[in-house]
Amino acid sequence: MNLRGIWAVFRKEFRENLRDRRTLLSALAFGPLFGPILVAGLVQFSISHAEEQSEENIALAVTHAERAPNLLAYLTARGIDIEKVDLDENGTRHAVVTQKHKVVLDIPVDFGDRLQDGQPAPVVLYSDSSRGFERRGVGRVRTLISQYGIEIAQLRFLARGIDPISVLPISVQEIDVSTPSSRSVIVLNVMTYIVLLSMLAGGLYLAIDATAGERERGSLEVLLTAPVPREHLIYGKIAACASYMLISLVLTVTMFSIAMSFVGLEQLGITANLGPAAAVTLMACCAPLILFGASYLSIISGFAKSYREAQTYLGLIITIPTMPLMFAGLLGLQAKAGLMFVPFLSQHLLMTTVVRAEPIETSFVVISVVSTLVYGAVLMYLAGRLYRREALLG
Amino acid sequence: MLEARGLCKSFGEVAAVRGVSFTARDGQITGLLGANGAGKSTTLRMLYTVLKPDQGDALIDGRSVIGDPLAARRSIGVLSHGAGIYNHLTARENIAYFGELHGLGRAERTARAAELIELLEMQPFADRLAKGFSQGQKLKTALARSLVHKPRNILLDEPTNGLDVMAVRGLRKLLTQLRDAGHCVLFSSHVMQEVEQLCDEVVVIANGQVVAAGTLDDIRAHGGDRLEDAFVALMDGGEPRPEVAK
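Residue numbering note: each chain is counted from 1, following its sequence as written. Going through the entries in the order they are written, you letter the chains from A and number the ligands from 1. Per-residue local features are limited, in this predicted model, to residues with pLDDT of at least 70; the limit for side-chain atom pairs, both in listing and counting, is 80 or more; totals at the level of whole chains, interfaces and linings are taken over all residues.

What follows deals with the sheet that holds strand S9 (residues 201-206) of chain B. Residues and elements named next belong to chain B. Here a strand pair is declared whenever DSSP counts at least two bridges between the two strands. Here a helix means four or more residues in a row that DSSP labels H or I, a strand means two or more in a row labelled E, and each is numbered from the N terminus. The strand order across the open sheet formed by 6 strands is S6-S7-S8-S3-S9-S10, and the pairing between neighbours is mixed. Looking at strand neighbours, the two that pair on one side only are strand S6 (76-79) and strand S10 (209-215), the edges of this open sheet. Across this sheet, the average inter-strand angle for adjacent strands is 15 degrees, counted without regard to direction. The pairing of S9 with S10 spans 6 bridges and is antiparallel. Bridging across to S10, Val 203 finds its partner in Ala 213. For helices, the fitted axis covers only the stretch in contact; all axes are lines through C-alpha atoms, and the angles between them, taken along N-to-C directions, range from 0 to 180 degrees.

The next point concerns the interface of chain A and chain B. In this assembly, 19 residues from chain A lie in contact with 23 residues from chain B. If you list the elements that add at least two residues to the side of chain A that touches chain B, you get helix H1 (4-18) and helix H8 (220-223) of chain A. Counting residues per element, the side of chain A that touches chain B draws most heavily on H1(A), which supplies 5 residues. Asp, Glu, Lys and Arg are counted as charged, while Ala, Val, Leu, Ile, Met, Phe, Trp, Tyr, Cys and Pro are counted as nonpolar; the rest, among them Gly, fall into the polar class. Residues of the side of chain A that touches chain B, tallied by class, amount to 7 nonpolar, 4 polar and 8 charged. What counts as a contact is two residues whose backbone-derived C-beta atoms lie within 7 Å of each other.

All names here are of chain B. We call a residue exposed when 12 or fewer other C-beta atoms sit within 10 Å of its C-beta, buried when the count reaches 20 or more, and partly exposed for counts in between; the C-beta positions come from the backbone. Burial runs high along S9: 5 of the 6 residues are buried. Bridge analysis of strand S3 (residues 28-34) against S9 gives 5 bridges, and the strand direction is parallel. Considered in S9, the bridge of Gly 34 is made with Ile 205. In textbook terms, the turn of a hairpin is the stretch between consecutive antiparallel strands, and for S9 and S10 this stretch comprises 2 residues, one of which, Asn 207, has a positive phi near 50 degrees.

So, about the sheet that holds strand S3 (residues 104-106) of chain A. All names here are of chain A. Ordered by their spatial adjacency, 4 strands build an open sheet running S2-S1-S3-S4, and the pairing between neighbours is mixed. Each edge of the open sheet is held by one strand with a lone partner, namely strand S2 (80-85) and strand S4 (124-126). Along the sheet, successive strands turn relative to each other by an average axial angle of 25 degrees, direction set aside. As judged from the 6 bridges shared by strand S1 (residues 58-63) and S2, these two strands associate in the parallel manner. What sits directly across from Ala 61, in S2, is Glu 83. Contacting S1 and S2, helix H3 (residues 69-77) runs over the sheet at an angle of about 140 degrees to S2. On the sheet, helix H4 (residues 89-97) packs against S1, S3 and S4 and is oriented at approximately 165 degrees with respect to S3.

Everything listed is a geometric property; what it means functionally is a separate question.
In structure tokens:
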């Protein structure tokens, strides 16, 4: 087979798109730069926020503070800043909704009397659970109030000559077996998604330009009069698209590796396996997908009648291959031989394994690589068939 | 030499070309004359192998466009409707790209591109990106591209569309040069003066069929002194007359 035509088309598409700002930005800037920086920034933000929260005193607004001086002294001693306020119920609700006060404790009028009588003494705690960052504060206030209650109960038992230990029949000991690396996967799960999406996006504009764009410009017709088999033309375009996807993949993973090294993950007790060796392994995991992705994008945009139409299709369609990843996240899927036959999902699972610094099963890698390459070859063949059709000219 | 033999092509229900036969000889400029939608473009597209005829065949220097399209393509240069070129390549790169697709080596296609740039007087814009080219500059680039492999046969679809007077004159000069060098030039047009000024032979197409063919004088014999009158007379005839349809 004479591959001259494929080579000529590949070189031309590669060079032409290198001069197209849109293609270049999507391949070399948006995914590879913004993705990793965004993730690293988010991780850094949640780390610093968590640190602040654990160290900072928690502000607590209290209405009718005079009704429970001992409770408030107990809370103050354990890092709660009490602010005495005078609000009715509606005023309290409003203050919490508007975040004037994040957590408000209301001491009812009969608090002291009921406590004295040995009746359950109610307190009312107002907070807004839709505000994620405040939840820790409420939790700490609630725990402290319960602890205060337990201490009172223990004193009561003692006063009645009962060993307080006997009323605590079960004590729960929590042991977290997640290793620092495996915990990091929760934080970095979004990373595999961005790597795969950024890789696809790298070839997106080239695929559109080389198929729908070429048709719209009217250059396709003359291209088809060149003495080159029609399927070779699309193979060359797929190869150029694949090369941009490869560049995008390499840049994205490299940027992740660099960006994450600046994030203080160890402060969360997390280490991510993202050194140079891991980065190369990650790239190798994803590389077989490139043929699949490039053929997939070329086929879809080959059906579109214009550049705009192709853009509309691909904006939606680019997310379809990444859908198994969302299921994987929701269902907490683990690497299994059967799942290695699913493109994108198998790469996601392999990458997750690498980032966790867990051993990789050779058979999983073989299944993932071979099946993905076979799907890619089938799609490439279909793209060739598409270019043999007369309707291609529209 | 181009020979159309009973070409037929339908798109769904619409029969665009219904049995077109004619011959375009070397060393001659042949004009394919017809109203919009008469089937000129479809006929040309079958000749330059982009469309496959439903029936009939076409021979390019004796090679069938159906039997051996790759061989047929090697000896044709095509200027398609609209002359689309690549905006992010320079004129020179546009030309060289087609040289490469036609199998020219690097040195050969570079030399050939330089030759064509000189021939078509493209030096002022040869190394600029095609993005901001005028219609005339685009046409010259597309023409040079179609000539890069020195094809024996040149097919042009409505080449003068959207060109100013100077560009049309330049094109006319070039086509005449090509004819004098022995090439077979076939172009489609719906502009009478153009056909009158350039063509040695004219093929008139209406409703997907050839209604008249021959030299300018042959066509004029169908009515009036001017080609336009003859053309209108032919169109008024409605159905093709059997004695002139070859």
